[in-house]
Amino acid sequence: MSYLVTGGRVISPRDGIDERSDVLIDGGHIETIGQGLSAKGAERVDATGLIVCPGFVDLHAHLREPGREDEETIASGSDAGAAGGFTALCAMPNTQPVADSASIVEKVWALGREAGTLQVVPAGALSVGLEGERMAAYGAMATSAARVKLFTDDGHGVQDAGFARRAMEYLVAFDGIYAEHCEDAGLAAGGHMHEGERSSSLGLRGVPAAAEEIMAARDIDLCRLTGCRLHLLHISTARTVELVRRAKDEGLPVTAEATPHHFALTDELVESYDPNAKVNPPLRTDEDCAAIRAGLADGTIDAIATDHAPHAPEEKELDFASAPPGMIGLETALAITMTELVQPGVLSLDAAIDLLSARPAAILGLDEQGSIAQGRAANVAIFSPDERWTVDPNAFRSKSRNTPFAGREVVGRVRYTFFEGRLVYSGVAE
C-alpha cells in the first residue's frame, strides 16, 4: 500500500533535510519528497502542523521475552515502541534464559520479525548467564541470523577487569561493541537510591556516584588498551559525562547514552518512597541531571535511550527497598525529551530528533534506520510538537504500568508511525 504524507515539516538531520514537504511512501520505501505531490491510489495522511522525521531507535529496551512474558512480550513491547515513534529497539539480553547463545538471540530476532511492528535488534550477553566468568558465544551470535553487534551484561557490571579486557580483545576482531552497565558491585551492594544527603535523611542505603564512575574510567582505559568499541549504558553522573567527553577528545571509540529519567528527574522524587522512582543507576542530584543535559547538548552523549524496564504490578507494589529497580519509557520518551529539553531550549528540535534516531542507528550500524531520504526504507515517525497531554499508564500498549511520570502533563505526541512502509501506529489527537 502507498501513502502520501502531506503538509508536514520534514526533518532528517542525517540527510540535511528541514523543510515543508510532502512524502510519498510506496513499496516500503520513501519514493519521493517534495512539495505539491500527488499519487493516484495512495492513502493521504494529513501532517499539517506535524513533524515528519526518521523513526526513533532505542539502544536499550528490556522486552522480557523469553521468561517474563507476564511483564512484557516482544509483541507488546514492539507495540509500545511503535506508539512512541520507535521503528527499532535493541533488546537487552537479561532474559530467562539469558541471551548468551545463538539460539536465544535468533529466537528474539525471529519473534521480532513475527510481530512485524518494528525492527527488534537483539543484544548478546558478554558472559554466560551474566555471571561475569566465562565469555558467551560472541562469534556464534555475531554470525547468526540475528547479526548481533552489541554485547552487554546489562543489569550487572562486569567486575573482573581481566575478563573485560579479554572480552574487548575478542570483540574487536569483528567490530563488536562492548556495552557496559557501569556499576562496581562492592560499592553499590545493598543500595536503593543515590548516596547523599537525601539517602541519609530517608534512611535508605545509597549507591555512590563513584560506583558508576570507577567502572566507566576502567573501561575507557581498557578501550584505549584494546581499541574495542565501547558504549556506556544509561550514564547518570556529572563525572561520567566528563570522562566520556575526555575520551572523545582523545579520539577513542567511545559512545554513551542517557535516559529521559536521568535528565528529567532527581533523587528528590524518592522522598515520596514511590517504588516507580527506583531505577538502576539511581536518580541522581540536580548537578548530575544538569550535566546529562549539557552532555546531550554538546554532543558528548550520543543517544537518548529509554532503558524500558517493565515490572509486574505486584513487584512494584512492594516497599521501596524491596521493589526491583526499573521504569518503562517507550511511550513517554519523545514527550519527556520535548518537555524537558526542546521546550526550555536545551536542545533544538533537529538535535533532539538526531539523538533519538540517526545517532543511535549509526552506533548499531542500522543503514535503513535514522533517515527518510528518497530511496530509504520508510521507517518514519510523525508527531505533534505542540500537543499537550497527561501521562496515563492505563492507556499504554506496554503490558506494564511502572512509570513515575503518571499524571504529569507533557508536550509532544506521536500521531503516526510507519515501519517498512506499513502504518503500524495511528494515534488520535485529543
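Above this text is the structure in question.
Residues numbered from 1 in each chain as written. Predicted model: local features only at pLDDT ≥ 70, side-chain atom pairs only at ≥ 80, totals over all residues. Heavy atoms only, no water.

### Here we look at the overall build of the protein
Here is the rule: Each helix corresponds to a stretch of at least 4 residues labelled H or I by DSSP, and each strand to a stretch of at least 2 residues labelled E; elements are numbered beginning at the N terminus. The globule rule used for comparison is 2.2 Å times the number of residues to the exponent 0.38, while the radius of gyration itself is calculated over C-alpha atoms. In this scheme, a residue with accessible area under 20% of its type's maximum is buried, one over 50% is exposed, and one in between is partly exposed, where area comes from a 1.4 Å probe on protein chains only. For this analysis, residues touch if any pair of their heavy atoms sits within 4.5 Å. Surface accessibility follows the Shrake-Rupley procedure with a 1.4 Å probe radius. Residue values consider only the protein chains on display as shielding.
Counting its regular elements, the protein contains 14 helices and 18 strands. Relative to the globule expectation of 22 Å for 430 residues, the C-alpha radius of gyration of the protein, 21 Å, shows essentially globular dimensions. In terms of overall dimensions, the protein has C-alpha extents of about 65 × 45 × 45 Å along its principal axes. Within the protein, the fraction of its 430 residues that count as buried is 60%. Summarising the internal contacts of the protein: among those between residues at least 6 apart in sequence, 74% fall at separations of at least 24. Carbon together with sulfur atoms contributes 46% to the accessible area of the protein, which is approximately 15500 Å² in total.

### Points about the nonpolar core
We count it as follows: For this analysis, a nonpolar core means a set of buried residues of the types Ala, Val, Leu, Ile, Met, Phe, Trp, Tyr and Cys, connected via side-chain atoms within 4.5 Å.
With 96 residues, the main nonpolar core has Leu 126, Tyr 138, Tyr 178 and Phe 383 as its most contacted residues. Ranked by residue count, the leading element in this core is helix 12 (residues 333-342), at 7 residues. In this structure Tyr 138 touches Ala 125, Leu 126, Phe 151, Phe 163, Ala 167, Tyr 170, Leu 171 and Phe 174, once residues within four positions along its chain are discounted. If you look at the next biggest cluster of nonpolar residues, it comprises 18 residues, including Val 23, Ile 25, Ile 372 and Phe 418.

### Here's the deal with the side chain of Ser 357
Test applied: Nitrogen and oxygen atoms within 3.5 Å of one another constitute a polar contact, given that in protein one can donate a hydrogen and the other can accept it, and given that sequence-neighbouring residues count only through two side-chain atoms.
With respect to the helices and strands, Ser 357 occurs in the loop between helix 13 (349-356) and helix 14 (358-364). In terms of polar contacts, Ser 357 uses its side chain to reach the backbone carbonyl oxygen of Ile 353, at 2.6 Å.

### Some words on the sheet that holds strand 8 (residues 119-122)
Heads up, the rule is: By this definition, two strands are paired if DSSP reports at least two bridges between them. In this analysis, axes come from line fits to C-alpha atoms, helices being fitted only over the stretch in contact, and the angle between any two N-to-C directions falls in the range 0 to 180 degrees.
What the 3 strands build is an open sheet, ordered 6-7-8; its pairing is parallel. At either end of the open sheet lies a strand with only one pairing partner, and these are strand 6 (56-61) and strand 8. On average, adjacent strands in this sheet sit at an angle of 20 degrees to one another, irrespective of strand direction.

### Overview of unusual backbone geometry
Omega for the bond connecting Glu 65 with Pro 66 falls within 30 degrees of zero, at 10 degrees, which places this linkage in the cis form. In this fold, Pro 66 is placed in the loop between strand 6 and helix 1 (74-83). Cis geometry is adopted by the peptide bond preceding Pro 97, which originates at Gln 96 and carries an omega value of 10 degrees. Turning to its location among the elements, Pro 97 is positioned in the loop between strand 7 (86-91) and helix 2 (102-115). Even without glycine at this site, His 234 takes up a positive phi of about 30 degrees.

### Observations concerning helix 13
An α-helical turn contains 3.6 residues, so a residue and the one three or four places further along point in the same direction. The cut-off we apply is this: Working definition: the arc comes from the directions between the helix axis and the C-beta atoms, pointing outward to the latter.
Those residues of helix 13 that fall on the buried side of the exposure criterion are Leu 349, Ala 352, Ile 353, Leu 355 and Leu 356. When helix 13 is viewed along its axis, its buried side chains cluster within an angular range of 160 degrees and face the same direction.

### Quick look at the sheet that holds strand 9 (residues 150-152)
Adjacent strands of a sheet pair through backbone hydrogen bonds, lying either parallel or antiparallel. Strand order in the open sheet made by the 5 strands is 9-10-13-14-15, with parallel pairing throughout. At either end of the open sheet lies a strand with only one pairing partner, and these are strand 9 and strand 15 (303-304). In this sheet, strand 10 (residues 177-180) lies alongside strand 9 in parallel orientation, the contact comprising 3 bridges. The residue of strand 10 that forms the bridge with Thr 152 is Ala 179. Across the sheet, helix 7 (residues 209-226) is in contact with strand 10, strand 13 (229-232) and strand 14 (254-258); its angle to strand 10 comes to roughly 170 degrees.

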